[in-house]
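Chain by chain, the residues run as shown.
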Amino acid sequence: MKRILLFLGTNLAVVLVLGIVMNIVFSALGISTQSIGGLLVFCAIFGFGGSIISLLISKWMAKRSTGAQVITTPRNEIESWLVNTVAKQAKAAGIGMPEVAIYNAPDMNAFATGAKRDAALVAVSTGLLENMNREEIEAVLAHEVSHIANGDMVTLTLIQGVVNTFVMFFARIIANLISSSMSNNNENGQGMGTLAYIATVFVLEMVFGILASIIVMWFSRQREYRADEGSAKLVGKEKMINALQRLGGSREPEMEGSMMAFGINGKRAMSELFLSHPPLEKRIAALKAR
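What counts, and at which threshold
Residues numbered from 1 in each chain as written. Predicted model: local features only at pLDDT ≥ 70, side-chain atom pairs only at ≥ 80, totals over all residues. Heavy atoms only, no water. Buried < 20%, exposed > 50% of the residue type's maximum accessible area, 1.4 Å probe, protein only. Helix = DSSP H or I, 4+ residues; strand = E, 2+ residues; numbered from the N terminus. Arc of directions from axis to C-beta. Core = buried A, V, L, I, M, F, W, Y, C linked by side-chain atoms within 4.5 Å. Contact = heavy atoms within 4.5 Å. Pairing = 2+ DSSP bridges. Axes fitted to C-alpha atoms, helices over the stretch in contact; angles between N-to-C directions. Parallel < 35°, antiparallel > 145°, perpendicular 65-115°, else oblique. Left-handed = near helix turned anticlockwise from the far one by under 90°. Nonpolar A, V, L, I, M, F, W, Y, C, P; charged D, E, K, R; others polar. Phe/Tyr/Trp six-rings, centres within 6.5 Å; stacked < 30°, edge-to-face > 60°. Lys NZ or Arg CZ within 6 Å of the ring centre and 35° of its normal.

**Student:** Can you explain helix α9 (residues 237-247)? Please cite residues and give values.
**Tutor:** All buried positions along α9 are accounted for by Met240, Ile241, Ala243, Leu244 and Leu247. With its buried residues spanning 160 degrees around the axis, α9 presents them on a single face.

Spelled out as structure tokens, the structure:
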């Protein structure tokens, strides 16, 4: 329930903010809402705006939704080891020290998030700490640090913004053509045209959204390979391979959304086209081939 309320509240706030931004932009630039250019600006504001705002509040959302506790002053040996390990890896990767957190979850997972390379967050689950040895945990941390060093959070946000924009734009262009045709050929005219427009936009956004997600998921899988390679460079190939092999027998992760996308392990899907993470055996094979 807490996650649902956070999701609904955040999305309502995002829509409100983007609505205000849209009115300011259209008024300041004198853009017509009825023109093709106006439609493209509208789609870009909502397509990029939602992704960018989500990125900016990603650390806050991650902490609230998972209950992650940031280690400010280590209370025990494992917390000291986690902070020192991430500090060493961050220095080697050339980024600022991320916040390090632990969240309570039975699955073996970890994630990185944040809008800035020098002010990110790395969080690990209690399940990972309980079921992996130190070398394997070290490799997982290096994987997440590599995500940050590669700028994956920002790049994925930009790609998501582009596809969101064009999904909305082309859905509305095609829906407008269909509704105009129905208005001209139907006695009920405007009423039927409006209903056809709304229904067509809804259907086309679903269809185009599915096609667009294939593009986003392809990029997501490529950045997982790069983060695995980054981990291998930071701590050694064998440690990362052992960590991935350990994940092979673990339960499906419980995380959702962007946190899942930047976790060490992803959820299953009917087709590899819709996987945010490559299958573990392919990741292991790619590392062995290095």
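**Student:** Describe the nonpolar core, listing the residues and the values that go with them.
**Tutor:** Of all hydrophobic cores here, the largest spans 38 residues; its most connected members are Leu82, Val124, Leu128, Met132, Ile137 and Leu141. Considering each element in turn, this core owes the most residues, eight residues, to helix α6 (residues 134-149). Excluding residues within four positions of it along the chain, Met132 makes contact with Met108, Ile137, Val140, Ala243, Arg246 and Leu247.

**Student:** Got a sec to walk through the sheet that holds strand β4 (residues 121-125)? Specific residues and values, please.
**Tutor:** Read across the sheet, four strands follow the order β1-β2-β4-β3 without closing on themselves; strand pairing throughout is mixed. Strands with a single pairing partner mark the edges of an open sheet, and in this sheet they are β1 (69-70) and β3 (110-113). The pairing of β3 with β4 spans four bridges and is antiparallel. In the strand pairing of β4, Ala110 is matched with Val124.

**Student:** Could you give me a rundown of the packing of α9 against helix α11 (residues 280-288), with the residues and numbers involved?
**Tutor:** The interhelical angle for the contact between α9 and α11, taken along N-to-C directions, is 165 degrees, at an axis separation of 10 Å. As judged from the angle between their axes, α9 and α11 are roughly antiparallel. Between α9 and α11 lies a crossing of left-handed hand. Where α9 approaches α11, its residues Lys237, Met240, Ile241, Leu244, Gln245 and Leu247 are matched on the opposing element by Leu280, Arg283, Ile284, Leu287 and Lys288. Looking at the contact of α9 with α11 residue by residue, the class counts come to seven nonpolar, one polar and three charged.

**Student:** Got a sec to walk through the packing of aromatic side chains? Specific residues and values, please.
**Tutor:** For any pair of aromatic rings, geometry is given as the distance between the ring centres together with the angle between the planes. Across all of its chains, the model carries four aromatic pairs by this definition. Aromatic side chains Tyr103 and Phe111 sit 5.5 Å apart centroid to centroid with 45 degrees between the ring planes, which places their arrangement in the tilted category. Here the two residues Tyr103 and Phe111 agree in accessibility, since each one is buried. Taken together, the aromatic side chains of Phe166, Phe169 and Phe170 make up a single cluster linked through ring pairs. The side chain of Arg134 reaches across the aromatic face of Trp81, ending 4.8 Å from its centre.

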